[in-house]
There are 2 protein chains.
Amino acid sequence: MAGELVGDSVIVPDMTEGSQLYNKGYYGYPRPGGGLELELLEALYLVECAKLQVCLDGKTLDHAALYRRAARSVNGLQARYLVYRDLKQRGYIVKLDQGDFHFRVYQRGSAPHNSQAKHWVLAISEREVFNIASLLEKSETSQRTRKDLLLGVVDEEGDITYYTVEGAEPHGLASEVPTKAEGALIDSSVLVLGEDADRLYENGYYGKRIGPMLQLSLLETAYLMERGALEVRSLRSGQRMGEKGFLSSARRAQPDFDMRMRAYKDLRSRGMVVKTGFKYGTHFRVYEGDPAKHHSRYLVHVVPDDYSTVWAEISRAVRLAHGVKKEILFASSGQELSYIKLTRVRP
Amino acid sequence: MAGELVGDSVIVPDMTEGSQLYNKGYYGYPRPGGGLELELLEALYLVECAKLQVCLDGKTLDHAALYRRAARSVNGLQARYLVYRDLKQRGYIVKLDQGDFHFRVYQRGSAPHNSQAKHWVLAISEREVFNIASLLEKSETSQRTRKDLLLGVVDEEGDITYYTVEGAEPHGLASEVPTKAEGALIDSSVLVLGEDADRLYENGYYGKRIGPMLQLSLLETAYLMERGALEVRSLRSGQRMGEKGFLSSARRAQPDFDMRMRAYKDLRSRGMVVKTGFKYGTHFRVYEGDPAKHHSRYLVHVVPDDYSTVWAEISRAVRLAHGVKKEILFASSGQELSYIKLTRVRP
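Residues numbered from 1 in each chain as written. Chains lettered and ligands numbered in written order. Predicted model: local features only at pLDDT ≥ 70, side-chain atom pairs only at ≥ 80, totals over all residues. Heavy atoms only, no water.

Caption draft 1: Representation of the side chain of B:Lys275 within the structure. Position of B:Lys275 relative to the elements: it lies in strand S19 (residues 273-276). At 3.1 Å, the side chain of B:Lys275 forms a polar contact with the side chain of B:Glu220. Residues within four places of B:Lys275 in sequence aside, it is in contact with A:Glu157, B:Tyr205, B:Tyr206, B:Gly207, B:Glu220, B:His283, B:Phe284, B:Arg285, B:Tyr287 and B:Pro291. (Helix = DSSP H or I, 4+ residues; strand = E, 2+ residues; numbered from the N terminus. Polar contact = N/O pair within 3.5 Å; in protein donor to acceptor, adjacent residues only side chain to side chain. Contact = heavy atoms within 4.5 Å.)

Structure follows, in structure tokens:
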């Protein structure tokens, strides 16, 4: 089939060829006067598949030449083209969107003439900036318009990973009995020695048993001190530490201590048991009950609501979480705490 | 058995009890006048196992009290105690070392009276600083003294991971044929379009095929430009880029570009095919030959020779590498490049 490059579109003037393309793959839009108008992305794909020949001023543009032209007019062409191409190769009907998203994708078996699209799709390069506020907003828009949000994230070698994005309200079943214990600050952790160790662990799964001792994290210590359930003394001097003094040393050791603390409290208030996620590269691993009886279900990473990083960091975090069979939640710590869940999927 | 705390040691005065402890587990050192002198770490362990009672001024010190005392005199007590305790529980004979290392460990079945120790052991807390120069030095000392170097790294919850450390000289079998190609710079990668793409890939496994195109990384581009095998044009303007101009834009995009480049060249000169290790959180993944026929054997992370980070970062990197069944090498980029390999082991 033959098309003509006109501005940023490719026009297929022949009515029969045009309707064939439209009817087979829902490419482009039929023109009021007859024929079909294709977007550059669609034309590129059809050229790659040898289903279309594009001419300009009587000369044929090959894929490389058309790609060069498209790169000048389509922002983030590479990610968009790769995701578009991949979804087409998987047999989906993909329409370009001019609004908040890049594509609309239809459920297999349905098409633009008989149903609504199932997914909004964003094509993202791993070099792009991840901004949690904007992702939350897109996730809400998707929910409001009753479509699933699908992200196609393209890494620097062109491999694509797909994620669904959805809001999450995690909760667990852990309850606790108020208790009273004494701990000793040694280096940068708090050790509970003797009988208090067992009580504290059994009444809320605080700390980590290390031989005959219980080791509390800085967050656990601050949380228990605030509730009046723990008294801390310096191991070396034997002196009692005030809550204020402890907090300021915790903040020195962990500059984002307060942000973590907010999420720690919120998760605890949801009945979950919260432990460090350090070995998985996130802030928390979270249990729905007794850690001895459950595997941790979630990894939770807390970020400020104006947080930005490269997408590469996010996909690494999701990859790591899935590698250990856990779900990953990103908690946005703004005026309220919102959780979103990214799940790797195979579309 | 009864011991008496004297300074930083525990003395078991009874000759029979002393030799029993020494003969059974090679604890402590027999005193010239009779009896046994234990180090605090050994005494702590024996108290935890209820094999020893320690007194001071006629009063018994329980484990918690003895631990509090030990924390005042032993640097990094927690990591040392946990590693010592763990190795003992695994049935090893462990002697404290006063030199460059923390412990000497004997092969199962051998003992101080009939053989040399098999391992030097360092007990390290994940909060401690990892310094590649000092680790290289320790690794060389171990080699010179014909012992294996074993690290016991204690995470913030008291879990211990063991690593062996050894020098490495990786090499591969990839050869290449000089070629000549043209690439186009788009965003921050270089695309090779048309026939050059196949040639470049086949003659050295450069780039990553993406549909009909080949995408080169910044390192690959600079390496090929330096060898006169690649010419780069700006995709938008069509203008040819000089090597200098390309290098300075690469350095802007990747501040540690030159350090990576040194390692890239060294690995290439060793016959290896080098690709980005980004998705594994390291600089490179490295193949011994055609990436289509081999899995990458190594992940390589390059650090300046004066590089320091917390141990936690290192153990995360090793964990990730083992999770994908690869070996991890840290390359120290000083006057020469040295590689060390950390391998997770179960002692």
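Caption draft 2: Region of the structure containing the relation of the copies chain A and chain B. Screw-axis analysis of chain A against chain B gives a translation of 0.0 Å along the axis, an RMSD of 0.1 Å, and a rotation angle of 180 degrees. Expressed as a symmetry operation, the mapping of one chain copy onto the other fits a two-fold axis. When the interface residues of chain A are mapped onto chain B, 100% of them are again interface residues, pointing to one common binding face. (Least-squares fit on C-alpha atoms with pLDDT ≥ 70 in both.)

Caption draft 3: A look at the pairing of strand S2 (residues 9-12) of chain A. Residues and elements named next belong to chain A. Alternating positions in S2 separate into two faces, Ser9 and Ile11 on one and Val10 and Val12 on the other, with burial throughout. Direction of pairing for strand S1 (residues 2-6) relative to S2: antiparallel, over a ladder of three bridges. Following the sheet pairing, Glu4 is matched in S2 by Ile11. The hairpin turn running from S1 into S2, its antiparallel successor, is two residues long, and Gly7 in that turn takes a positive phi close to 60 degrees. Both S2 and strand S4 (residues 36-39) contribute to a ladder of four bridges, which runs antiparallel. Across the sheet, residue Ser9 finds its bridge partner in S4, namely Glu39. (Buried < 20%, exposed > 50% of the residue type's maximum accessible area, 1.4 Å probe, protein only. Pairing = 2+ DSSP bridges.)

Caption draft 4: Structural view of the interface of chain A and chain B. Contacts between the two partners involve 41 residues from chain A, matched on the other side by 42 residues from chain B. With both sides pooled, the region where chain A packs onto chain B buries about 4200 Å², and carbon together with sulfur makes up 56% of that total. The largest contributions to the chain A side of the interface with chain B come from A:Glu157, A:Phe278 and A:Lys279, which together make up 16% of the buried area. Taken together, the links from chain A to chain B amount to eight salt bridges. Between A:Lys279 and B:Asp159 there is a salt bridge, with the nearest N and O atoms lying 3.3 Å from each other. At the junction of chain A and chain B, the tally comes to 14 residue pairs in polar contact (both at pLDDT 80 or more). Broken down by secondary-structure element, the contributors of at least two residues to the side of chain A that touches chain B are helix H3 (63-73), helix H4 (77-89), strand S14 (189-192), strand S15 (208-210), strand S16 (213-216), strand S19 (273-276) and helix H10 (311-323) of chain A. For the side of chain A that touches chain B, the leading source of residues is H3(A), giving six residues. (Buried area = accessible area lost by both parts, 1.4 Å probe. Salt bridge = Lys/Arg side-chain N within 4 Å of Asp/Glu carboxyl O.)

Caption draft 5: Molecular detail of the state of the cysteines. Counted by the stated rule, this structure contains zero disulfides over all chains. The closest cysteine sulfur to the non-disulfide-bonded A:Cys49 is located on A:Cys55, 18 Å from its own sulfur. (Disulfide = S-S within 2.5 Å.)

Caption draft 6: Molecular detail of the pattern of salt bridges. By the definition in use, this model includes 52 salt bridges over all chains. Notably, a salt bridge pairs A:Arg233 with A:Glu182, separated by 3.4 Å at the nearest N-O pair. Here the residue A:Arg233 occupies a position in strand S17 (residues 230-234), and A:Glu182 occupies one in strand S13 (residues 181-186), the gap between them amounting to 51 residues. Taking relative accessible area as the criterion, A:Arg233 reaches 28% and is therefore assigned partly exposed. What makes A:Glu182 partly exposed here is its relative accessible area of 35%. Here B:Glu327 makes a salt bridge to B:Arg297, at a shortest N to O gap of 2.8 Å. With B:Glu327 in strand S23 (residues 327-333) and B:Arg297 in the loop between strand S20 (284-287) and strand S21 (298-304), this pair connects stretches of sequence that are 30 residues apart. Judged by its relative accessible area of 23%, B:Glu327 is partly exposed. By relative accessible area, which is 31% here, B:Arg297 ends up partly exposed.

Caption draft 7: Main features of the sheet that holds S15(A). All names here are of chain A. One open sheet holds the six strands; their spatial order is S15-S16-S14-S13-S17-S18, and the pairing between them is mixed. Only two strands of the sheet have a single partner each, and these edge strands are S15 and strand S18 (240-241). Of the pairings in the sheet, the one linking S13 to S14 comprises three bridges and is antiparallel in character. Bridge assignment links Leu185 to a residue of S14, and that residue is Val190.

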